[in-house]
Each structure stands twice: as C-alpha cells, then as structure tokens.
Amino acid sequence: MSMAALSAVAGMLWVGANHTVAEPGAGAAATEQPGPTDPESLQFFEEHVRAILTDRCVNCHGGEKVRGGLNLATRELMLEGGVSGPAIDWQQLDQSLLLRAISYTDIDYEMPPTGKLPEAEIETLRQWVMMGSPWTAGEAGNLAAGHGEGHQGPISVEEGRKLWQYNPVEKPEVPEVDHRAWSQNAVDAFIFDKLDEAGLTPNPQADRKTLIRRATYDLTGLPPTPEEVAAFVSDERPDAWEKLIDRLLDSPHYGEKWARHWMDVVRYAETNGYERDGNKLNMWRYRDYLIRSFNDDKPYDRFVQEHIAGDELADADSDSIIATGYQRLQIWDDEPTDRPQARADYIADIVDTTGSAFLGMSIGCARCHDHKKDPITNDDYYSFYAFFNNITQPSRNPRGATRDLRDIPRSDAERDRIEQWETSVRTLRQQVAAAERDFRESAGGSFDRGELIAVSPSSEQAHQPWYYRFEDPGEGWYVQATNHRDWPEARGGFSHNVDTQKRPSLPNALEGEEVYLRRNFRLTQVPRFLTLRITHKGPTQVYINGAKVYDAGGPTGQTYHAFQLPAEALRDLVVGSNSIAIKSRKARDAQWFIDAGLYEGIVDPRSALLASIESRGEEVLGAPRYAAYRSHQADLKRLLDKPVNQAYPATVIAEPDRTPEEQYIHERGSVHGKGPIIQAGFPEVLGGGDATPVRLPEDIKSSGQRLALAQWLTRSDNPMTARVMVNRLWQHHFGKGIIESTSEFGQLGTPATHPELLDYLAARFVESGWSIKDMHRLMMNSQAYRMASSAQQAGLDRDPTNTLLWRFNMRRLTAEEFRDSVLKVNGSLNPELFGPSIYTKMPQAVLATASRPDRAWGNSPEHQRDRRSVYIYIKRSLREPLLAALDQAETDTPCPVRFTTTVPTQTLITINGDFVQEEAAVFAQHLLEAAPEGLEAQVRLGLKLVMGRFPEPEQLEENLAFVREIKQEHGLDDARALRVFAVVCFNLNEFMYID
C-alpha cells in the first residue's frame, strides 16, 4: 500500500476511534458544527494543517483578498463557505468541496489554480477534514493575523530584524540525547531531540543494498553496478560507508549530478524564449563550468562571487568570467515594443533570481511597492537593482553577448605544456618560412592566381543553375549524368532561409535534412591545377566525375574558403563534359548553407607557391632540404590540428564603462515612472547601508558595483547565504529542505522544521571554508541519512508528512536519472564529459509543434546522443519529451523544488516511447549475447542489472513465466520477447524508485 493510502487509512482510524462527526441527514447549519478540541487534534492542526492553509490558500482566501466569497482565515468563515457553497459537506465529508478542489477531481474547482498540491499535503488536509476540521480557537486561530515567526502579515524592518533568519548565524550547542547509539553525529542529535520530544522513535538502518543505491544516486545520479553493490554488501570494514562516500565524491559524475540541481535554481536554458527562441551561443560552457566547480569542490563563497562579479575579481580567469553567464540565462525578447522597459525587465529577472538563489528572499515582490509579507521595502528593491543597472543587455545578434576567453594554466605542468606547444609552433613556422623563402629566390617565376572559371559560386556571378533533390537518389547519383529529367532545377547559393524574391533558390528548402546537388561543366583542356571554392554549414562531400575530392564537417561561419585540390583529384577530368556533385546535411544548429565553385588554376599566390614546391621542391632545394621541409610541414599541421589553450567564445556579462547610470526608483515598476534617485545598497533588514563600489584597475571597463555585492553576499556574518545553500544540500539528500520552500525563507515560504540544526549546518559550512563536499560527508554520515524508509504506525499517526524525519523519505528517479539509468544498465551510456550540447532523436510529432520545424532541433551522431541527460540541449520552446513528462524543471523561472507527479502520460512514454523501445532492443541484444545459455539465464541477468542484485526465486519464476507466456501467445522469438521484458524491467518499482 502507498504512503498516501496509509495516511488516509490512519486518518479514518483516527476519526473512528476519537471523534464523532455529524451523521448523514443532520440538519445543523455548517457554522454550528463543532470541531474536535482534544489536545492531539489541535496539535495536528497546528503542526501540519495551519502551514498548508496559510501558505497555499489564505493569500487568495483571507486577509486582503477573499476570492469567490470564501474566507479561510478562521474556521467559522471557512464553514460559511463562499458563492459555491460550504467548504465542508458534513453529510459526506470525503466529498467536501475543499477536498474536491485540492484533488483536482472536479474541473470547475481546481485549487490552487497555479498547480496541484503535493500528494502529501492533500492527504494531510483530507485527514484533517475527516477528523472534523479541528482548529485553534480565538484570535490565535486567525490565519490572516499570523502564524508564529514564519507566517505573520506585513511586518516592518524593525520587527523583521527580530526574526532568526534575518540575524547572523550563531552556532548552537549540540543537544544532549539519551539515544547515543543512534546519534552518530551532531545531525542525529538535533533530529533525535525533536523526535524524542514528540514521542517518536527513528527507523532502524536500511540494508546495505539500499544504502549504496541511495548514496550512488544522490551523489552521481547513476545506479551502482551489481558488482559494486556486492562489494559493498560484503565489505566488513568499519569505515566501509565513509570510503564509499569518498569514492562517489571523487567520481567525475558527481559534478554532473549536482550541476543539474543548480541549473534548476538558476533557470538554465540555451535559448531566449519568445517566438524566435534564438540561441544563447556557447551557453553550454556555463554548464561545464558548474560541473567543474562541483567536482573541484570550489568553495561556495568563491562560487557565489564568480556568478555575480567573476569578471571584476582581482584574480579573474576564464572560469570566473564564464560564471557571469548566469546573468544571461533568462528569457528576453529580441524585438520588444518598449525597449527601455524590456531592459528593466531583463535586469529585474537577474535581481529576482539572485535574491531567491543566494538569499532565499522574494525580493522581486517589492518591485512595485513594499513587500506585502516580508520586511523588504521598495527602496530595498531598487538599491539591489542598482548593482546590475550598468550591465549591457544582449542585442538581437547573439554574438553581442560573447567574449573570447583563454584558460589560465592550472598547474606548472599545464603551463609547461602550453609553453612547449607555442615554442614548437613558432620554431616550425620559422623553419617552413625559411625553406619557402629560399625556394622562391632560387626558383624564380610568378605565383599569381589563375582566373579561368569552370563553375562559379553565387558570390561572384549570377546564380548558375543546379539540379537538386532532398531525398536520397540512391547509389551512383554522383557520377557524371547527362539526363537530369527527374531532378528539379534551381539557382545556386542554397540555404535554409533565402529570400526567394531577391535570390531565387530552392523551393521549400527547409523540408529536407540533406540536399543533393549536381551539374555538368565543360573544359577545353585538362588544367594543371584545380581549386574548389566552397562554403557550407553542415557535413558536406564533393565529387568530380564520381571521385570524392572533398569531405568535411561544417565551418562555423559562411565565409568562402579555397582548397587546392590534390593531383589525384584531376586524373578523371576530360576535355568536354565533366560533372560536379555535392551532398550537404544540416549543421548542429539545424541550419544549412551550401555554395561552391571550381577554378582552373590557382586561386591565391600562397597556393601557387605550395603547388610549385610540390612539383619542383626536390629539384630546387635538394633532397635533404626538401624532405626536412615536408617533415616540418607535417609536424606543424599536427600541432595546429590539436591546439593548446586557444581562445574560445563564451556568453558572459559585460559593462560598457566604469561609471554606471543614475538609478531611479521605477514608480509601480515602470521604467517610465521616474521616482527619486537611489544608490546601490543592501536590504535594510540584513544591515542595510549604501555600497561602495570596489575600485578596479584602470584597464577594466566595469563599475565594481557587482563585486561589492559579491563580497557582501559572502561575508561570514551575512545571515542568509550559508543557510540557503546548506538547506539546498539537505533538500537533495533528505527529500525536502529543513525549510521546504528552499528559495523562500520569508513568510511566503514554509517555517523551518529544525531551525537550530539549520544554523548548526550553516556555521559548520563557513568553518569548513564553504566546502560543499564537507557538508555531504556530514549529512550522509549521519544515522538519519541511513534510516530505512519503511512506515511505522506511530509515525503515521503523529507525523504523517514526516516533518520530524522519523524515517527516510523515499523518492522516484528524476527525469535525468531515469534516462541515464536506462543507458547505463544496457551498456549504451557514453561517459564523455563536457563539450557542446547534444540533440536527442526528436519525434516528428513534437517537431511539428515548433514555429520552424526544420530549424527547431539539431542532429547529433548516435554515440553522442547516448551521453548523459545533463548535456542535452535545452530549448525553451521545444523540450525533450521524455524529460518533460518525468517532471524536468521548467526553464522560464527558477525551479528550486521539483514536484513529482504521477500521470498517465508518464507510463505511456516509459513504455511506448521511442527512447525506451529502442533502448529495450539494445538491452535485449545484450542479454542474448551475455547469457547465451538460455532464456532463464537471460531473464536472471536482466533483473540483476536493473535491480542491482540477483532476483529472489519467486521474482525470477514470475518474470520467466511472463516471457514464456508472451512468446507463446504472440508468437515472438527470444529477441522480441526479451525486448518486451526489457520494457517491463525499465518500469519496475525497484528500478524507478530509490528505496
């Protein structure tokens, strides 16, 4: 039975055993129905229900707003109901309007409208209704009036400074607890202290197979292999668990897992959104920066400073500058109707995300007026806004936000390698140039370019006719052909987006993944030299009279390049008719362009010189000198093909000058409503004060304002930064944060369940030098982390949402973990780290939803498509269907917490989806090859791979019977039956869930 079902049953038992509610047919008015008043019921309301109603409901149904006439501020007002009737149906409690609304079972009443509540909260409210809706009496029960420290109405800055979360962290004393055997470290002491106070006992430790699976997924996002599970289970060393954690933290896959968590927080995507949804060039470099930073255990204070002002740091390097790409991640309109307002919205998005990501504060709520709940004023907002008001907004040209960077060597060995490469290149170039100079002086003659044109590119003459096809013409299409009857004709200069009025080109040029071109040309004599002048974006091959003379991937731009064709490319030329044929595919960015021309002769003097040396070098220079020249040429090419520490472009932040514009308060959030001038400064509740920009070297065109903010954020006495980050780490280890609303520590969020523990962790975090890996070790070495997730009746009765952590919270695999695990268990996963994003196979039905289907998605080689999900290209208007269905984060706004949904489309895509079906075929083939002894061995191996252990005899027999049954009933051979079995394996609870 599920936890939700157990919770509901517990609620029903509670009602039957402790309370009496109105019998069906009772005629008392709703407001006259008394609620339970026993201490246990009122405690349940205070600890579990009040926060849900306050956080989720009262904002629209209480206080200043009473939508639909329904006020949930007090029990009496709730029972009166609104325009749709009473919220509670005393004749049928389980059919109450309140429960129907939050369960989304009635299309007319779906509350809250922003999205369905988590199942745990729905079950808590259901249990509360079935108990008779107990409620604290009097003003203390007025939800609009306040709820302790975390749920008051609007408060002043002075009152806000009294709240613990806005005060500097003070490391609390670790509680003395009786159960010292269970309390392995300080984390356990704080947890047990709360449990003991509530009369609850923590769960026993989980079994070792569960523990290694839990830890491996938490730290790497991948399943442990059966061999790793077996080794850990049999490891009797007392420090086996600690060694396991250290091994996983040292894994390069650790950074991939934890970078993905951070990408949710900062709304990572590689496009701008809106109609065009244009590319953010090289945004993947920021993602790779995150992976490197987590793998290197970069101190979190440095990590924060790099995000805010990595370009202004005294020791700025390529990594710190790439980190500022964080401020380019948001959606933005490249063609706004109101450009000043669009720029203000752009900066406001940075302000909002910075406030939530690093401070856990909803600063954005104060953009138009003082915050309605928290001590954040309108002045605070624009003081914070001023830190960013000098940055440039991206232009419509995405290259306007890029900067060429060069890595700073990280070690003496790397520095020596770079110096050696540069010295070798310089020396070889000098040797090659000396030989060429000597040849020129000794050989004499001219090396001018030839002018005879055989086929002209569109850039130099009127577009010559070509014959084209989009579909594969079959074998031999590239040999000389005089009959083009089945090939349509169009003029040269072919691309994916031509203006057909100005430049006639291919009709419907967007419809194909590749294009085939050919035409004939005549020669009056066979030339001694022939030059191909070509530009293309995608992989392209060129054939002359059936012989391939050129085969290359796409250049990054569309500049024409000239290539002197080798002598063997000319041997099939004839006097009279010849043919040229071209095949070109779309580039990685889903675009293509192709234009080409042939020249009789040599296009440039350099090529002429090289051609002459090739034919007369030994004669003029002598055999030894010519051999040395050729050797130096080859060595130089080899070095240049693998450059060391070359410059590369990255999308980063920039400021135009050192003096920022004056910052005004924008009245009601409009940039056109100029209020008073305001200086950059810090929120008053956190100390306040104007910020003094950091004085930067004269050669840096930047104000130093962002660096002042970065230094303030990472001061040891800043009360928010450390608390927010350790709470995020806790969230991803224990299923939810100590403050569940991990980006909202104010009154719009949820109260802390263990505030003393949070402060202890924050203090330890700073003491450790802001080491994230040190925090992993502290949390994971606790007994609390190693608890079993099984249910116990006392816990379900007293703490059904597991607020006090009496058991470990089970969880389903994330979208990325599911996809990566499928690839891992069938042996397909490509473990390659870093590099440009990849494109999965996108179903045509999904592509059809894009405004430009032919340009919407790229095409990666198969082995690249099998890389980890963190490397998949993230396009705001076209999401990867499997990941989207399994609750991958939306990208328009930050997503600090992913809610796990359970909907029919998930099962459809994990059973019938193309990815699962294709990988099931791979898995089936692997089973056939790895276990040739027969069906039983293959089924046993399959279950072992997906579960990480050998199946129990009953499991083996059940699955073996299933495979035999589908073979017999549907006439399937072993391969096809195993493919169906593989799909079942990928959908097993033991595969889909961590515990």
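Residues numbered from 1 in each chain as written. Predicted model: local features only at pLDDT ≥ 70, side-chain atom pairs only at ≥ 80, totals over all residues. Heavy atoms only, no water.

### Here's the deal with the overall build of the chain
Defined as follows: Secondary structure elements follow DSSP: runs of H or I no shorter than four residues count as helices, runs of E no shorter than two count as strands, and numbering proceeds from the N terminus. When a residue's accessible area, from a 1.4 Å probe over protein chains only, is under 20% of the maximum for its type it is buried; when over 50% it is exposed; and in between it is partly exposed. Note on definitions: a residue-residue contact is assigned when non-hydrogen atoms from the two residues lie within 4.5 Å. Throughout, the Shrake-Rupley method with a 1.4 Å probe supplies accessible areas, and for residues the shown protein chains are the sole cover considered.
Helices and strands together make up the secondary structure of the chain, namely 34 helices and 17 strands. For the chain, buried positions account for 54% of its 995 residues. Here the analysis covers contacts within the chain between residues at least 6 apart in sequence; of these, 72% occur between residues at least 24 apart. When the accessible surface of the chain is totalled, it reaches about 43,800 Å², and 49% of it is carbon and sulfur.

### A few points about unusual backbone geometry
With phi around 50 degrees, Asn-545 is a residue other than glycine that occupies positive phi space. Of note, Asn-545 is situated in the loop between β10 (540–544) and β11 (547–552). In this structure, Arg-668 is a non-glycine residue whose phi angle is positive, near 55 degrees. Considering the arrangement of structural elements, one finds Arg-668 in the loop between β16 (664–666) and β17 (674–677). Since its relative accessible area comes to 58%, Arg-668 is described here as exposed.

### With respect to the packing of aromatic side chains
Keep this limit in mind: A pair of aromatic rings is counted whenever rings of Phe, Tyr or Trp (Trp by its six-membered ring) have centres within 6.5 Å, and the orientation is called stacked for planes under 30 degrees apart, edge-to-face for over 60 and tilted otherwise.
Evaluated as defined, the whole model comprises 42 aromatic pairs. A centroid spacing of 6.0 Å and a plane angle of 40 degrees characterise the contact between Trp-182 and Phe-192, whose relative ring orientation is tilted. Residue Trp-182 is found in the loop between α6 (157–160) and α7 (186–197), and its partner Phe-192 is found in helix α7; the two are separated by ten residues along the sequence. Under the relative-accessibility criterion, Trp-182 is labelled buried at 7%. What makes Phe-192 buried here is its relative accessible area of 7%. Note on Tyr-300 and Phe-765: the rings are 5.8 Å apart at their centroids and 35 degrees apart in plane angle, and the pair reads as tilted.

### A closer look at the pairing of β11
Applicable threshold: Any two strands are treated as partners once DSSP identifies two or more bridges connecting them.
Note that β10 and β11 share five bridges and pair antiparallel. Each residue of the ladder has a partner; that of Thr-540, found in β11, is Ala-552. The antiparallel hairpin formed by β10 and β11 contains two residues in its connecting segment, where Asn-545 sits at a positive phi of about 50 degrees.

### Here we look at the nonpolar core
Put simply, the rule reads: In this text, buried Ala, Val, Leu, Ile, Met, Phe, Trp, Tyr and Cys residues form a nonpolar core when linked through side-chain atoms within 4.5 Å.
If you look at the biggest cluster of nonpolar residues, it comprises 183 residues, and the most contacted ones within it are Trp-262, Tyr-286, Tyr-300 and Trp-730. Among the elements that take part in this core, helix α15 (residues 339–359) stands out by supplying nine residues, more than any other. With residues near it in sequence (within four places) discarded, Tyr-286 still touches Trp-262, Val-266, Tyr-268, His-307, Ile-322, Ala-323, Gly-325, Tyr-326 and Leu-329. Formed by 27 residues, the second largest nonpolar core is a distinct cluster that contains Phe-44, Ile-88, Leu-98 and Leu-117.

### Remarks on the environment of Arg-260
Tracing the chain through its elements places Arg-260 in helix α11 (residues 252–265). Each C-alpha atom of the pair Arg-260 and Val-870 lies 6.4 Å from the other, and the pair is 610 residues apart in sequence. Contacts of Arg-260, omitting those with residues within four sequence positions, involve Glu-816, Val-870, Ile-874, Gln-888 and Arg-898.

### A word on the confidence of the model for the chain
Low pLDDT means the predicted atomic positions in that stretch should not be read closely. The condition that has to hold: Here pLDDT means the predictor's own confidence in every residue, given as a number from 0 to 100.
For the chain, per-residue confidence averages 84 on the pLDDT scale, and 88% of positions sit at 70 or higher. Low confidence marks residues 146–152, where pLDDT is under 50. Its contacts with residues over four positions away, or in another chain, come to 21 contacts.

### A short note on the side chain of Asn-545
Spelled out, the test is: Pairs of N or O atoms within 3.5 Å make up the polar contacts considered here, provided that, within protein, one atom can donate a hydrogen while the other can accept it, and that residues adjacent in sequence are counted only when both atoms are side-chain atoms.
Note on Asn-545: relative accessible area 17%, which makes it buried. At 2.8 Å, the side chain of Asn-545 forms a polar contact with the side chain of Asn-578.

### Some thoughts on the packing of helix α22 (residues 755–767) against helix α23 (residues 772–780)
For clarity, the threshold we go by: Axes here mean lines fitted to C-alpha atoms, for a helix over just the part in contact, with angles spanning 0 to 180 degrees between N-to-C directions. When an angle is under 35 degrees it counts as roughly parallel; over 145 it counts as roughly antiparallel; between 65 and 115 it counts as roughly perpendicular; any other value is oblique. Two helices that cross are described as forming a left-handed crossing if the nearer one is turned anticlockwise from the farther one by less than a right angle, and a right-handed crossing if clockwise.
Following both chains from N to C, one finds α22 and α23 inclined at 140 degrees, their axes separated by 9 Å at the closest point. Between α22 and α23, the angle falls in the class oblique. For the pair α22 and α23, the sense of crossing is right-handed. The residues of α23 that touch α22, namely those facing Tyr-760, Leu-761, Arg-764 and Phe-765, are Ile-772, Asp-774, Met-775, Leu-778 and Met-779.

### Things to note about the sheet that holds strand β6 (residues 489–491)
The strand order across the open sheet built from six strands is β6-β5-β8-β13-β10-β11, with neighbouring strands paired in antiparallel fashion. Each having just a single partner strand, β6 and β11 make up the two edges of the open sheet. Adjacent strand axes in the sheet meet at a mean angle of 25 degrees, parallel and antiparallel pairs treated alike. As judged from the three bridges shared by strand β5 (residues 465–469) and strand β8 (residues 514–523), these two strands associate in the antiparallel manner. Bridge pairing links Tyr-468 to Leu-517 in β8.

### Here we look at a negative patch on the surface
So the rule is basically this: Patches draw on residues past 30% relative accessible area with no salt bridge. Two like charges within 9 Å are joined, as are two nonpolar side chains (Val, Leu, Ile, Met, Phe, Trp, Tyr) within 5 Å. Salt-bridge detection follows one rule: a side-chain nitrogen of Lys or Arg within 4 Å of a carboxyl oxygen of Asp or Glu. Charge convention: Lys and Arg are scored as positive, Asp and Glu as negative, and His as well as the terminal groups of each chain are ignored. Every charge is mapped onto a representative atom, which is NZ of Lys, CZ of Arg, CG of Asp or CD of Glu.
Together, Glu-47, Asp-178, Asp-193, Asp-196, Glu-197 and Glu-756 line one region of the surface with negative charge. Residue contributions to the negative patch peak at three residues, all from α7. Of the residues examined, Asp-193 reaches a relative accessible area of 33% and is grouped as partly exposed.

### Considerations on the environment of Gly-576
Turning to its location among the elements, Gly-576 is positioned in strand β13 (residues 576–585). Take Gly-576: its relative accessible area is 10%, and that puts it in the buried class. A C-alpha to C-alpha distance of 9.9 Å links Gly-576 and Asn-520, two positions 56 residues apart in sequence. Setting aside its immediate chain neighbours within four residues, Gly-576 contacts Phe-521, Arg-522 and Leu-523.

### Here we look at the state of the cysteines
To keep it simple, the criterion reads: Put simply, a disulfide is two cysteine sulfurs that come within 2.5 Å.
On inspection of all chains with the given rule, the structure shows zero disulfides. Residue Cys-60 stays outside any disulfide, its sulfur separated by 9.1 Å from that of Cys-57, the closest cysteine.

### Focus on helix α12 (residues 284–295)
Rule in force here: Expected span, for any helix, means 1.5 Å times one less than how many residues it has.
With twelve residues, α12 extends 17 Å between its outermost C-alpha atoms, agreeing within 8% with the 16 Å of an ideal straight helix rising 1.5 Å per residue. Of all twelve residues making up α12, twelve are buried, and the element is well covered by its neighbours. For α12, every residue scored as buried is listed here: Trp-284, Arg-285, Tyr-286, Arg-287, Asp-288, Tyr-289, Leu-290, Ile-291, Arg-292, Ser-293, Phe-294 and Asn-295. Taken from the residues just after α12, Asp-297 is the one with a positive phi, measuring 55 degrees.

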